[in-house]
Amino acid sequence: MTVTEGGFAMPAVGRREALGAAGIAACGLALAGCGTGDAAAEPVVKGIKGQVIAKTADVPVGGGTVVRKWKIVVTQPSEGVYKAYSSACPHRGCAVGAPKDNVMRCPCHGSEFAADTGEAMTGPATRALIAYQVKVEGDGIVVV
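Here's a quick rundown of the structure. Being a predicted model, the structure only gives us computed values, none of them experimental.

Digging into the nonpolar core
In terms of nonpolar packing, the biggest core is built from 14 residues, with Ile-53, Ile-72, Val-74, Ala-84, Val-134 and Ile-141 touching the most fellow members. If you list the elements that add at least two residues to this core, you get strand S3 (52-55), strand S5 (72-78), strand S6 (81-86) and strand S12 (140-143). Every residue in contact with Ile-53, bar those within four places of it in the chain, is listed here: Ile-48, Val-67, Trp-70, Ile-72, Val-74, Ala-84, Val-134, Ile-141 and Val-143. Counting residues in hydrophobic clusters, the runner-up holds 10 residues, among them Tyr-85, Met-104, Cys-106 and Phe-113.

Structure (structure tokens):
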């Protein structure tokens, strides 16, 4: 069936065709949400420089702690060496957990990161966690 509009013949779109096109569009949007691209990097938290983000006693060797206030994970990969990273996984932004056996894991999609470098060891994440430079002052770990 065609409809004439302004002297031009145009095919009529039936209910089935319209619903089919809407279904295809919805599937395309759903698949786009599952893409393989990494999430945008999280900006550095304002006001964090000079702040004590954790106490050395709270960060075990080979492990670490997540500081929810700052969205940071603090690690101690070896005795006396402290590192800090954004807890946001670069894949989709889920919060990684505190490291166990020097590995931080993302609970959402299974990415794993090295506690000493923040580098992605297992995907789907392909980029490292954002690193913060830290130093020990007394019993506190401070962002520099």
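Past the structure itself, the notes keep going.
A look at the environment of Ser-111
By secondary structure assignment, the location of Ser-111 is in the loop between strand S7 (103-105) and strand S8 (112-114). Sequence spacing of Ser-111 and Cys-89 is 22 residues, and the spatial spacing of their C-alpha atoms is 7.9 Å. Setting aside residues no more than four positions away along its own chain, Ser-111 makes contact with Cys-89, Met-104, Arg-105, Cys-106, Thr-122, Gly-123, Pro-124 and Ala-125. A polar side-chain atom of Ser-111 sits 2.9 Å from the main-chain amide nitrogen of Ala-125.

About the thresholds
Residues numbered from 1 in each chain as written. Predicted model: local features only at pLDDT ≥ 70, side-chain atom pairs only at ≥ 80, totals over all residues. Heavy atoms only, no water. Core = buried A, V, L, I, M, F, W, Y, C linked by side-chain atoms within 4.5 Å. Buried < 20%, exposed > 50% of the residue type's maximum accessible area, 1.4 Å probe, protein only. Helix = DSSP H or I, 4+ residues; strand = E, 2+ residues; numbered from the N terminus. Contact = heavy atoms within 4.5 Å. Polar contact = N/O pair within 3.5 Å; in protein donor to acceptor, adjacent residues only side chain to side chain.

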